[in-house]
Amino acid sequence: MDKIRHVPSLQALQALVEVSDSGSFTQAAQKLCLTQSAVSRKIQQLESHFGVPMFVRSSRSIRLTPEGEQVLGSARSILEQLKTLEDRLSPQKRPFRIRMHVSLAVRWLLPKLSDFYRRHPEISLSIETVATEVVEPASDSDAYILYLAEPSSDPACLTLFEEALVPVCAPGLGNSIHPLDSVDDLVRFPLLHRSADKQAWIDWLAANGGNSLENYRHIPFNLDELALDAAARGLGVAMTDMTLAEESIDRGVLIVPFGQPLKTRGVYSLCPQPSAAAHPACSLIMQWFALQAERDAG
């Protein structure tokens, strides 16, 4: 009869992943709610099991050994499979996870969430925000909202609203001496934008008879949200989507000083992951987002 083959504990595999991701036994211990010595013991268990060291340690850093890299790959795969299985067998025990850009969450979704929970108090949404320019799908998310240069051909993707670019600023930015009444007046005020993307300003200026971008002063930010907050504080004029600025405009925090919204072919879309259908609340959530899309379109 074959001997029973022992396998590493799941906690040891989790410890390996967390130490590798954080580069620190202390941070891994905090994440796992363990002591640092307990995490060290978990790594030692793996090293004893496989007969090879997992990390090369120095006074300033730690790095995986080639063998540790192999064990890490298997550990990630095993933990991900278990998580996927748990979600499939008991999805009702967890929130529906949606990934999106931080500005979209703050400016568009957050003002609407009270309506969602009033209609569906039994459903929980987990909102994960990212600050990167592109929202990448994640294996642990049920759906993601992203900006598309044109509508998706995927029937599963729901268009939430179409992009319409407008300049916005604080109500008191211009005055009688230096007014802000037309595109020509923009040369007297800084243009606020994300440092990685000036295209929105380029497109709007071209459509409204403005000068080329180098003729203006600029204050760059790495987030749309920061640019809009700076505009509300009177630092200059920001370019944004009308729908994203709508609540701030309604509250009088921002105004559209002049010009017509520039309709691009761009859209913001909610795209569910294939696995999202297994979540029992998926259809209700998609219906609620479709209702918001209809309201914004109206």
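From a predicted model like this one, the values you see are computed outputs, not experimental measurements. (Residues numbered from 1 in each chain as written. Predicted model: local features only at pLDDT ≥ 70, side-chain atom pairs only at ≥ 80, totals over all residues. Heavy atoms only, no water.)

**Considering the layout of surface pockets**
As a volume, the second largest pocket reaches approximately 290 Å³. Lining the second largest pocket are 15 residues, with Phe161, Glu162, Thr243, Asp296 and Ala297 positioned closest to its centre. Among the residues forming the lining of the second largest pocket, the class breakdown is 7 nonpolar, 2 polar and 6 charged. Both domains that meet at the lining of the second largest pocket, namely domain 2 (96-146 + 270-297) and domain 3 (163-265), each give it at least three residues. (1 Å grid on protein atoms, 1.4 Å probe; cavity = no way out; pocket = protein on both sides within 12 Å on 5 of 7 lines; lining within 4 Å. Points joined across faces, edges and corners; volume = space filled by probe spheres on them. Nonpolar A, V, L, I, M, F, W, Y, C, P; charged D, E, K, R; others polar. Domains from an automatic or database assignment.)

**Some remarks on a nonpolar patch on the surface**
A grouping of Leu10, Ile78, Leu82 and Leu85 is seen on the molecular surface, where their side chains present a nonpolar patch of about 310 Å² in accessible area. Here the nonpolar patch takes 3 residues from helix α4 (residues 66-89), the largest share from any one element. Examined against the element boundaries, Leu82 turns out to sit in helix α4. On the accessibility criterion, Leu82 (37% relative accessible area) is partly exposed. (Patch = residues over 30% accessible without salt bridge, like charges linked within 9 Å, V, L, I, M, F, W, Y side chains within 5 Å. Areas by Shrake-Rupley, 256 points an atom, 1.4 Å probe, with all protein chains shown as cover. Salt bridge = Lys/Arg side-chain N within 4 Å of Asp/Glu carboxyl O. Helix = DSSP H or I, 4+ residues; strand = E, 2+ residues; numbered from the N terminus. Buried < 20%, exposed > 50% of the residue type's maximum accessible area, 1.4 Å probe, protein only.)

**Focus on the nonpolar core**
Counting 26 residues, the largest nonpolar core has Leu270 and Phe289 as its most contacted members. Among the secondary structure elements, those contributing two or more residues to this core are β3 (96-101), α5 (102-109), α6 (113-119), β5 (143-148), β6 (158-168), β10 (262-272) and α10 (282-297). Per-element accounting of this core gives the leading share, 5 residues, to α10. Among all residues touching Phe289, those that are not within four sequence positions of it are Ile98, Trp108, Leu109, Ile145, Leu158, Leu160 and Leu270. Core analysis: the second largest hydrophobic core is formed by 18 residues, Leu16, Met54, Val71 and Leu72 among them. (Core = buried A, V, L, I, M, F, W, Y, C linked by side-chain atoms within 4.5 Å. Contact = heavy atoms within 4.5 Å.)

**Structural notes on the domain arrangement of the protein chain**
Examined at the domain level, the protein chain breaks down into domain 1 (10-89), domain 2 (96-146 + 270-297) and domain 3 (163-265). If you average the C-alpha positions of domain 1 and of domain 2, the two centres end up 32 Å apart.

**Overview of the confidence of the model for the protein chain**
With 95% of its residues at a pLDDT of 70 or more, the protein chain has an overall mean of 87. Of all secondary-structure elements in the protein chain, the lowest mean pLDDT belongs to α4, at 83, while α6 reaches the highest, 95. (pLDDT = per-residue confidence, 0-100.)

**Quick word on the sheet that holds β5**
The strand order across the open sheet formed by 8 strands is β4-β3-β5-β10-β6-β9-β7-β8, and the pairing between neighbours is mixed. Across the chains shown, the open sheet's two edge strands, defined by having one partner strand only, are β4 (125-130) and β8 (218-221). Direction aside, the axes of adjacent strands within the sheet are offset by 25° on average. In terms of strand pairing, β6 meets strand β9 (residues 237-241) through 4 bridges, oriented antiparallel. Within the sheet, the bridge partner assigned to Pro167 lies in β9 and is Met239. The strands that α5 touches are β3, β4, β5, β6 and β10; relative to β3, the one it contacts most, it runs at about 105°. Strand contacts of helix α8 (residues 224-232): β3, β6, β7 (191-194), β8 and β9, with the helix running at about 160° to β7, the strand carrying the most contacts. (Pairing = 2+ DSSP bridges. Axes fitted to C-alpha atoms, helices over the stretch in contact; angles between N-to-C directions.)

**A word on the packing of aromatic side chains**
Evaluated as defined, the whole model comprises 10 aromatic pairs. Ring centres 4.7 Å apart and planes at 25° place the aromatic pair Phe161 and Tyr268 in the stacked group. With Phe161 in strand β6 and Tyr268 in strand β10, the pair connects residues that are 107 residues apart, well separated along the chain. An identical accessibility class is assigned to Phe161 and Tyr268; each is buried. (Phe/Tyr/Trp six-rings, centres within 6.5 Å; stacked < 30°, edge-to-face > 60°.)

**What about the environment of Ala28?**
Structurally, Ala28 is set in helix α2 (residues 25-32). A sequence separation of 10 residues divides Ala28 from Glu18, and the C-alpha atoms of the two residues are 5.0 Å apart. If we skip the residues at most four places from it in the chain, Ala28 touches Glu18, Val19, Ser22 and Val39.

**A few points about α2**
Every buried residue of α2 is listed here: Phe25, Ala28 and Ala29. Within α2, the buried residues cover an arc of 100° as seen down the axis, which keeps them to one side. The exposed residues of α2 that point more than 90 degrees off its buried face are Gln30 and Lys31. Looking at the buried side of α2, the elements it contacts are α1 (10-22), α3 (36-50), β1 (55-57) and β2 (62-64). If you check the start of α2, you find a side-chain oxygen 3.2 Å away from the backbone N of Thr26, and it comes from Ser24. (Arc of directions from axis to C-beta. Polar contact = N/O pair within 3.5 Å; in protein donor to acceptor, adjacent residues only side chain to side chain.)

**As for the state of the cysteines**
Following the criterion strictly, the structure yields 1 disulfide and no others. The disulfide partner of Cys157 is Cys271, and the gap between their sulfur atoms is 2.3 Å. Disulfide Cys157-Cys271: the torsion about the S-S bond is 120°, which places it as right-handed. You can see Cys157 sitting in the loop between β5 and β6 and its partner Cys271 sitting in strand β10, a full 114 residues away along the chain. Overall, the relative accessible area of 5% leaves Cys271 in the buried class. There is no disulfide at Cys282, and the cysteine sulfur nearest it, in Cys157, is 12 Å away. On the basis of relative accessible area, Cys282 is assigned to the buried category, the value being 10%. (Disulfide = S-S within 2.5 Å.)

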